[in-house]
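So you can see what is in the structure, the chains are spelled out below.
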Amino acid sequence: MLKIAIQKSGRLSEGSIDLLKKCSLKFRNSHNQLMTPVQNFDAQLLFLRDDDIPQYVQDGVADVGIIGENVFLEHQADVEVVKKLGFSKCRVCLAIPKNEQYTGVEYFRGKNIATSYPNILKTFLATHGLEAGIHNISGSVEIAPSIGLAEAIMDIVSTGSTLLSNGLKEVETVLRSEAILIANKGMGKEDKALLQEILFRIESVLKARDFKYVLLNAPNDKIQDIVEMLPGMKSPTVLPLAESGWSSIHSVMSEGKFWENIDRLKSLGAQGILIVPIEKMVL
Ligand code: ATP
Ligand code: ZN
């Protein structure tokens, strides 16, 4: 049985649950439970604090887990990173009082910096050949400079408005993070096979996220031009419409590519364009 650890409640929970459900795993996500069985797969979910997950996966209490890269790098657990998952994206940044003049990373030499990520900060300072004081505090890092605890901070930044309201400005991005899937290094053969099966599903869900199913109507004499613009999985599908002289063209493409091409599609006479989400994509 594959034991999957996910965050109990917080900024990783929704994305983790959503991903597992899209992988067709059926389970009850009641918030006051530590454990819940998966009804249609040989797996069990463990709901934990995200900070505890690396250790639990290293020790084999859980076989796999979903955490932020920031937590993974901070905890330095001996686990395997299996896959980047593309949600819970955030940045870990250095910030200083907004009236200070920033002169580059040298600014931090000899300063006191407050953070909940002392290891990530240590690595950053070492990479730049800097020595600085590190104040490890667990919450409300951004108030540290105003109460005189530190001269700078390193923390997760999502909008920057929290920084601003505490009189700080962001000056360096130390890390870009997203949710990742980690696994125990000594998993048994059966659990490895279960992980491969889930991984296959995860990959098809992630692939589908970037792509859309595009349907449009076009005059027959423009089909060739339009088909050349739409790559499709193999090649686009062209079906005749009831109205003669017109066809419906179906294709799969990345959303970005679609917006790049929309003006040209319209100028070629494409009409009734529909963009439909794809749930899973197996190539
Ligand atoms: P726990 O109670 O489980 O310890 P927490 O308070 O430590 O939770 P959260 O704030 O829920 O953690 O954040 C969990 C993870 O989500 C972070 O480690 C980070 O990877 C990611 N994250 C944090 N802030 C954001 C954000 N604003 N947007 C997207 N992802 C974020
Ligand atoms: Zn946490």
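Residues numbered from 1 in each chain as written. Chains lettered and ligands numbered in written order. Predicted model: local features only at pLDDT ≥ 70, side-chain atom pairs only at ≥ 80, totals over all residues. Heavy atoms only, no water.

Within the protein, the atoms that donate to the zinc ion (ligand 2) are Asp50 (OD) and Asp51 (OD), at distances of 1.9 to 2.1 Å. Given 4 donor atoms and angles of 76 to 168° at the metal, the environment of the zinc ion (ligand 2) is assigned as irregular. For Asp51, a relative accessible area of 27% translates into the label partly exposed. (Donors = N, O, S within 2.8 Å, 3.2 Å for Na, K, Ca; no water. Tetrahedral: all angles 85-135°; square planar, octahedral: opposite > 155°, others 65-115°. Buried < 20%, exposed > 50% of the residue type's maximum accessible area, 1.4 Å probe, protein only.)

Spatial ordering of the open sheet is given by 13-14-12-15, a layout of 4 strands whose pairing is antiparallel. Looking along the sheet, the strands with just one partner apiece sit at the ends: strand 13 (237-240) and strand 15 (271-277). Adjacent strand axes in the sheet meet at a mean angle of 20° when their direction is disregarded. Along the sheet, helix 6 (residues 189-210) makes contact with strand 12 (211-219) and strand 14 (246-254), crossing strand 12 at roughly 40°. Where helix 8 (residues 255-267) meets the sheet, its contacts fall on strand 12, strand 14 and strand 15, and the angle it forms with strand 14 comes to roughly 150°. (Pairing = 2+ DSSP bridges. Helix = DSSP H or I, 4+ residues; strand = E, 2+ residues; numbered from the N terminus. Axes fitted to C-alpha atoms, helices over the stretch in contact; angles between N-to-C directions. Contact = heavy atoms within 4.5 Å.)

Turning our attention to the sheet that holds strand 9 (residues 152-157). The sheet built from 5 strands is open, its strands ordered 8-7-9-6-10 with mixed pairing. The outermost strands of the open sheet, each flanked by one partner alone, are strand 8 (133-136) and strand 10 (168-177). Neighbour-to-neighbour, the strand axes of the sheet open up by a mean angle of 25°, direction not taken into account. Two strands pair when backbone bridges link them, and strand 7 (residues 112-115) and strand 9 are joined in this way by 3 bridges, in the parallel orientation. Its bridge partner being in strand 9, Thr115 is matched across the sheet by Met154. Its contacts with the sheet put helix 4 (residues 118-127) on strand 6 (90-97), strand 7, strand 8, strand 9 and strand 10, and the angle it makes with strand 8 is roughly 165°.

Moving on: helix 1 (residues 13-22). Residues Ser13, Gly15, Ser16, Ile17, Leu19 and Leu20 constitute the buried set of helix 1. Residues of helix 1 that are buried make contact with strand 1 (2-7), strand 3 (43-48), strand 4 (64-68) and helix 6.

A word on the domain arrangement of the protein chain. For an interface, size is often stated in terms of accessible area lost upon the parts coming together. Each assigned domain of the protein chain is listed here: domain 1 (2-87 + 178-208), domain 2 (90-177) and domain 3 (211-277). Relative placement of domain 1 and domain 3: their C-alpha centres are 38 Å apart. (Domains from an automatic or database assignment.)

Right, let's talk about a nonpolar patch on the surface for a bit. On the surface, Ile143, Ile147 and Leu149 cluster together into a nonpolar patch covering about 250 Å² of accessible area. Structurally, the position occupied by Ile143 is in the loop between strand 8 and strand 9. (Patch = residues over 30% accessible without salt bridge, like charges linked within 9 Å, V, L, I, M, F, W, Y side chains within 5 Å. Areas by Shrake-Rupley, 256 points an atom, 1.4 Å probe, with all protein chains shown as cover. Salt bridge = Lys/Arg side-chain N within 4 Å of Asp/Glu carboxyl O.)

Taken together, 15 residues lie near ligand 1, and Gln7, Arg11, Arg49, Asp51 and Asn70 sit nearest. Asp50 is positioned with one of its side-chain polar atoms (N or O) 2.8 Å from an oxygen atom of ligand 1. Interatomic distance of 2.7 Å between a side-chain N/O atom of Asn70 and an oxygen atom of ligand 1. Partitioning the shell around ligand 1 into residue classes produces 4 nonpolar, 6 polar and 5 charged. Both domains that meet at the shell around ligand 1, namely domain 1 (2-87 + 178-208) and domain 2 (90-177), each give it at least three residues. (Near = heavy atom within 4 Å. Polar contact = N/O pair within 3.5 Å; in protein donor to acceptor, adjacent residues only side chain to side chain. Nonpolar A, V, L, I, M, F, W, Y, C, P; charged D, E, K, R; others polar.)

Applying the stated criterion across every chain, the model contains 4 aromatic pairs. For the pair Tyr107 and Phe108, a centre-to-centre distance of 5.4 Å together with 80° between the ring planes defines the contact as edge-to-face. For the pair formed by Tyr107 and Phe108, the shared burial category is buried. Both rings, one in Phe258 and one in Trp259, keep their centres 5.1 Å apart while their planes meet at 75°; by these two values the pair is edge-to-face. Classification of Trp259 as exposed rests on a relative accessible area of 52%. Here a set of aromatic residues connected by ring pairs shows up, and it is made of Tyr102, Tyr107 and Phe108. (Phe/Tyr/Trp six-rings, centres within 6.5 Å; stacked < 30°, edge-to-face > 60°.)

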